[in-house]
Amino acid sequence: MDERTMFSEHKEKYLTRNVKAIVPMLLQLFCWDLIGKKVLKGAELDYLQIFEIKQTDEGSEITHRQEQPKFVETYEIPKRKLPELEIWVIDDGDHLTMLLPEDY
């Protein structure tokens, strides 16, 4: 795989201070893992990956989506209340950055 490929595992990964402070480490790793699995499957990924976390009666729900090509998948996390927030992961061509929308 070429190092310039979108979301290549060879690119450096960065987090903003807000992500480090607010997003639990397991949730960060879960988001990186979902992207990695898409890369391994050869999926076409947009430069912007969006994760929306919402609480449900049973636990939490994580929706992973992108705009081009349109893609949406939802994951149920039972018995675990995660913070309600939106996480972005951007591939700028040189590195990957996980951030919150207010960090942009």
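Residues numbered from 1 in each chain as written. Predicted model: local features only at pLDDT ≥ 70, side-chain atom pairs only at ≥ 80, totals over all residues. Heavy atoms only, no water.

Undergrad: Can you help me understand the overall build of the protein chain in this one?
TA: What the protein chain contains, in helices and strands, is 2 helices and 6 strands. What you see for the protein chain is a C-alpha radius of gyration of 13 Å, in line with the 13 Å of a compact globule of 104 residues. Each principal axis of the C-alpha atoms in the protein chain carries an extent, and together these give about 45 × 30 × 20 Å. Looking at the protein chain as a whole, 41% of its 104 residues are labelled buried. Pairs at least 24 residues apart make up 52% of the contacts formed inside the protein chain by residues separated by at least 6 positions. On the protein chain, roughly 6500 Å² of surface is accessible, and the fraction owed to carbon and sulfur atoms is 51%. If you average the places of the 14 positive and of the 21 negative side-chain charges in the protein chain, the two averages end up 4 Å apart. (Helix = DSSP H or I, 4+ residues; strand = E, 2+ residues; numbered from the N terminus. Rg over C-alpha atoms; globule rule 2.2 N^0.38 Å. Buried < 20%, exposed > 50% of the residue type's maximum accessible area, 1.4 Å probe, protein only. Contact = heavy atoms within 4.5 Å. Areas by Shrake-Rupley, 256 points an atom, 1.4 Å probe, with all protein chains shown as cover. Lys, Arg positive; Asp, Glu negative; His and termini not counted. Charge placed at Lys NZ, Arg CZ, Asp CG, Glu CD.)

Undergrad: Explain the environment of valine 19 to me, please; I cannot follow it from the model alone.
TA: Position of valine 19 among the secondary structure elements: in helix H1 (residues 17–22). Between the alpha carbons of valine 19 and phenylalanine 30 there is a distance of 14 Å; along the sequence they are 11 residues apart.

Undergrad: Whenever I open this one, the sheet that holds strand E1 (residues 12–15) confuses me. Can you help?
TA: The strands that make up a sheet pair up through hydrogen bonds in the backbone, lying either parallel or antiparallel. Read from one edge of the open sheet, 6 strands run E1-E6-E5-E2-E3-E4, paired in mixed fashion. Strands with a single pairing partner mark the edges of an open sheet, and in this sheet they are E1 and strand E4 (71–78). Each neighbouring strand pair of the sheet contributes to a mean axis angle of 15°, computed without reference to strand direction. When strand E3 (residues 59–66) meets E4, the two strands line up antiparallel, connected through 8 bridges. Across the sheet, the residue bridging to serine 60 is isoleucine 77, located in E4. (Pairing = 2+ DSSP bridges. Axes fitted to C-alpha atoms, helices over the stretch in contact; angles between N-to-C directions.)

Undergrad: What's the story with the pattern of salt bridges in this structure? I'm lost.
TA: A side chain with one charge may pair with a side chain of the opposite charge, provided their charged atoms come close. Per the counting criterion, the structure on display carries 5 salt bridges. Here lysine 11 makes a salt bridge to aspartate 91, at a shortest N to O gap of 2.8 Å. Residue lysine 11 is located in the segment before E1, and its partner aspartate 91 is located in strand E5 (residues 85–91); the two are separated by 80 residues in the primary sequence. The same class applies to lysine 11 and to aspartate 91, which are both buried. Glutamate 73 is the salt-bridge partner of lysine 38, the closest N and O atoms lying 3.1 Å from each other. (Salt bridge = Lys/Arg side-chain N within 4 Å of Asp/Glu carboxyl O.)

Undergrad: Mind showing me how you'd approach the packing of aromatic side chains here?
TA: Any aromatic ring pair is given by two values, namely how distant the centres are and how the planes are angled relative to each other. Under the counting rule described, the total for this entry stands at 2 aromatic pairs. Ring centres of phenylalanine 30 and tyrosine 75 lie 5.8 Å apart, and the angle between their planes is 90°; this geometry places the pair in the edge-to-face category. With phenylalanine 30 in helix H2 (residues 25–40) and tyrosine 75 in strand E4, this pair connects stretches of sequence that are 45 residues apart. Assessed through its relative accessible area of 26%, phenylalanine 30 is described here as partly exposed. Given a relative accessible area of 21%, tyrosine 75 falls into the partly exposed group. Look at tryptophan 88 and tyrosine 104: their rings are 5.8 Å apart centre to centre, the planes differ by 65°, and that puts the pair in the edge-to-face class. With tryptophan 88 in strand E5 and tyrosine 104 in the segment after strand E6 (95–99), the pair connects residues that are 16 residues apart, well separated along the chain. (Phe/Tyr/Trp six-rings, centres within 6.5 Å; stacked < 30°, edge-to-face > 60°.)

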